[in-house]
Amino acid sequence: MPVYIDISRCIGCRSCEVACKRVHGGRGHVNVHFVGEYASIPIFCHHCEEASCTMLCFTGALHKEGERTAFDITKCTGCGLCHLACPFGVVWTDKIAHKCDLCAGLDSPTCIKTCPANALSTDFEEAARRARTRSAIIAARGGGR
Amino acid sequence: MIKVDAGACIGCLSCSTVCPSQNITRTETERTRSIHWKRCKEECDLCVELCPARALALVPFDESVPEPEVTLDLVACRICGAGYATEPMLQRIESTLPEKVQRDASGLAWVRVCPVCRRKIEAERAAGQLVLERRRKSI
């Protein structure tokens, strides 16, 4: 259940970054990147099915909990291997590791609830439906080549 | 006190983080990371237990033994050149992860790229998709 991003909707306001920091005691796990002047993209943990960070974690602090890549703060030694093992650079070590936990304990991730542009969701069906609609419109206009 | 197997130490941040008495200090420059173990009298072996490389051992206190120190060079990111990790840490990642995940779709050996550049690459890849989509829309 990762957070799906509809990048065509992202307006680059960085509300998700702020919301994430607010609920995680000042340490955020979202990074909004700006590519040139034309795109803004929030970079998130993918909650990989076979997560590299969990494979490198030798204490079991990072582990899979269903679809979530969960983190047990009491087991972390702060070694930093997970930080280097994440292909997307979205696990941080700052004395101890921290990463997106999909706001464990809350009913849905705060970044999703906060995003004013509705660019984020955990609903794969919704994300896929939007993508299909967009390609259908493009095809109807004779594009897509 | 702690005995260090300097050849086994991977230069990670574990022991210095877990030591409750701050007896293990870490100094980092742009190109090197040094770890220094003070001669401690405690019988605590938290760092020994939590060393991922099993490089530490608890030995009786001996004032004549010099305080151990390990200095490792930081590997430069292949893209931005910043020192971001020690070579043994990267080797541990390369030997643990399945080979097929160690290169991304473009063939890049991402383990040798720093996490900051990894995020940038991901953003640029996503932006590329967005531009492609916009171009199609404008046809």
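Please read all numbers here as calculations on a predicted model, not as lab measurements.

For the rest of this paragraph, the subject is the overall build of chain B. Within chain B one finds four helices and six strands. In chain B, the succession of α and β elements from N to C terminus is β-α-β-β-α-β-β-β-α-α. Seen through its principal axes, chain B has C-alpha atoms that stretch 80 × 30 × 25 Å. Out of the 139 residues in chain B, the part that is buried amounts to 40%. Taking as baseline every contact in chain B between residues at least 6 positions apart, the subset at least 24 positions apart corresponds to 59%. Just so you have it, chain B exposes about 7700 Å², and 51% of that area is on carbon and sulfur atoms.

For chain A, the helix and strand inventory stands at five helices and eight strands. The order of α-helices and β-strands along chain A, N terminus first, is β-α-β-β-α-β-β-α-β-β-α-β-α. Principal-axis analysis of the C-alpha atoms places the extent of chain A at approximately 55 × 30 × 30 Å. For chain A, long-range pairs separated by at least 24 residues make up 52% of all intrachain contacts whose partners lie at least 6 apart in sequence. Of the roughly 7100 Å² of accessible surface on chain A, a fraction of 53% belongs to carbon and sulfur atoms. Put simply, chain A has 17 plus and 14 minus side-chain charges, and the middle of one group is 5 Å from the middle of the other.

Glancing now at the sheet that holds strand S6 (residues 83-86) of chain B. All names here are of chain B. Taken in spatial order, the four strands of this open sheet run S2-S3-S5-S6, and their pairing is antiparallel. Edge positions in the sheet fall to strand S2 (24-28) and S6, since each of these pairs with one other strand and no more. Put simply, the sheet's adjacent strands are angled 30° from each other on average, direction ignored. Of the pairings in the sheet, the one linking strand S3 (residues 32-37) to strand S5 (residues 69-76) comprises five bridges and is antiparallel in character. Paired with histidine 36 across the two strands is glutamate 69, which belongs to S5. On top of the sheet, helix H3 (residues 87-96) reaches S3, S5 and S6; it is set at about 70° to S6, its chief contact.

So, about the interface of chain A and chain B. Between chain A and chain B, the contact holds 38 residues from the first and 37 residues from the second. Roughly 3300 Å² of surface becomes buried between chain A and chain B when both sides are summed, with 69% attributable to carbon and sulfur atoms. Counting every contact that joins chain A to chain B gives zero salt bridges. Our count for the chain A to chain B interface comes out at seven residue pairs in polar contact (both at pLDDT 80 or more). Secondary structure elements with two or more residues in the side of chain A that touches chain B: strand S2 (31-35), strand S3 (39-43), helix H2 (52-56), helix H3 (81-85) and helix H5 (124-140) of chain A. Ranked by residues supplied to the side of chain A that touches chain B, first place goes to H3(A) with four residues. Looking at the side of chain A that touches chain B residue by residue, the class counts come to 19 nonpolar, 14 polar and five charged.

Turning our attention to the packing of aromatic side chains. Taken as a whole, this structure holds zero aromatic pairs over all chains when the rule is applied. Lying over the aromatic face of B:Phe61, B:Lys41 brings its terminal NZ or CZ to 5.0 Å of the ring centre.

The next thing to look at is the side chain of B:Ser16. Mapping B:Ser16 onto the fold places it in helix H1 (residues 14-18). Classification of B:Ser16 by relative accessible area gives buried; the value is 9%. At 2.9 Å, the side chain of B:Ser16 forms a polar contact with the side chain of B:Arg26. Residues in contact with B:Ser16, not counting those within four places in the same chain, are A:Lys95, B:Ile24 and B:Arg26.

Turning to the environment of B:Leu108, a few remarks are in order. All names here are of chain B. Within the secondary structure, leucine 108 is located in the loop between H3 and helix H4 (115-137). Look at leucine 108 and you get partly exposed, because its relative accessible area is 26%. For the pair leucine 108 and leucine 132, spaced 24 residues apart in sequence, the C-alpha separation works out to 22 Å. Those residues in contact with leucine 108 that sit more than four places away from it in its chain are Gln102, Arg103, Val113 and Ile121.

A few words now on the confidence of the model for chain A. A residue-level look at chain A finds 97% of positions with pLDDT of 70 or above and a mean pLDDT of 89. Across chain A, H3(A) holds the top mean pLDDT of 97, while H5(A) sits lowest at 74.

What counts, and where the lines are drawn
- Along each chain, residues carry numbers from 1 onward, in the same order as the chain's sequence is written.
- Each chain gets a letter, beginning with A, and each ligand a number, beginning with 1, in the order they are written.
- Given that the model is predicted, a residue must reach a pLDDT of at least 70 before its local features are reported, and side-chain atom pairs must reach 80 or more before they are shown or counted; all residues, however, enter totals for whole chains, interfaces and linings.
- Just so you know, side-chain values use all the structure's heavy atoms and leave hydrogens and water out.
- A run of H or I in DSSP becomes a helix once it reaches four residues, and a run of E becomes a strand once it reaches two; helices and strands are each numbered from the N terminus.
- The rule is simple: take the accessible area with a 1.4 Å probe, protein chains only, and divide by the maximum for that residue type; under 20% is buried, over 50% is exposed, in between is partly exposed.
- Contacts were defined at the residue level, with two residues in contact if any of their heavy atoms lie within 4.5 Å.
- Only the protein chains shown count as cover for residues, and all accessible areas are computed by the Shrake-Rupley method using a 1.4 Å probe.
- Neither His nor the chain ends contribute to the count of charged residues, in which Lys and Arg are positive and Asp and Glu negative.
- We put the charge of a Lys on NZ, of an Arg on CZ, of an Asp on CG and of a Glu on CD.
- Strand pairing is assigned whenever DSSP identifies at least 2 bridges connecting the two strands.
- Whenever a helix is involved, its axis is fitted only over the stretch in contact; in every case the axis is a line through C-alpha atoms, and angles between N-to-C directions fall within 0 to 180 degrees.
- Two parts placed together each lose some accessible area; with a 1.4 Å probe, that loss summed over both constitutes the buried area.
- A pairing counts as a salt bridge when a side-chain nitrogen of Lys or Arg comes within 4 Å of a carboxyl oxygen of Asp or Glu.
- Contacts described as polar in this section are N or O atom pairs within 3.5 Å, which, within protein, must combine one atom able to donate a hydrogen with one able to accept it, while residues neighboring in sequence count only if both atoms come from side chains.
- Classes in brief: Ala, Val, Leu, Ile, Met, Phe, Trp, Tyr, Cys and Pro nonpolar; Asp, Glu, Lys and Arg charged; the others, Gly included, polar.
- By convention, a stacked pair of Phe, Tyr or Trp rings (six-membered ring in the case of Trp) has centres within 6.5 Å and planes under 30 degrees apart, an edge-to-face pair has planes over 60 apart, and any other such pair is tilted.
- We count a charge as sitting over a ring when the NZ of a lysine or the CZ of an arginine lies within 6 Å of the ring centre and within 35 degrees of the ring normal.
- Confidence of the predictor at the level of single residues is captured by pLDDT, which takes values from 0 to 100.

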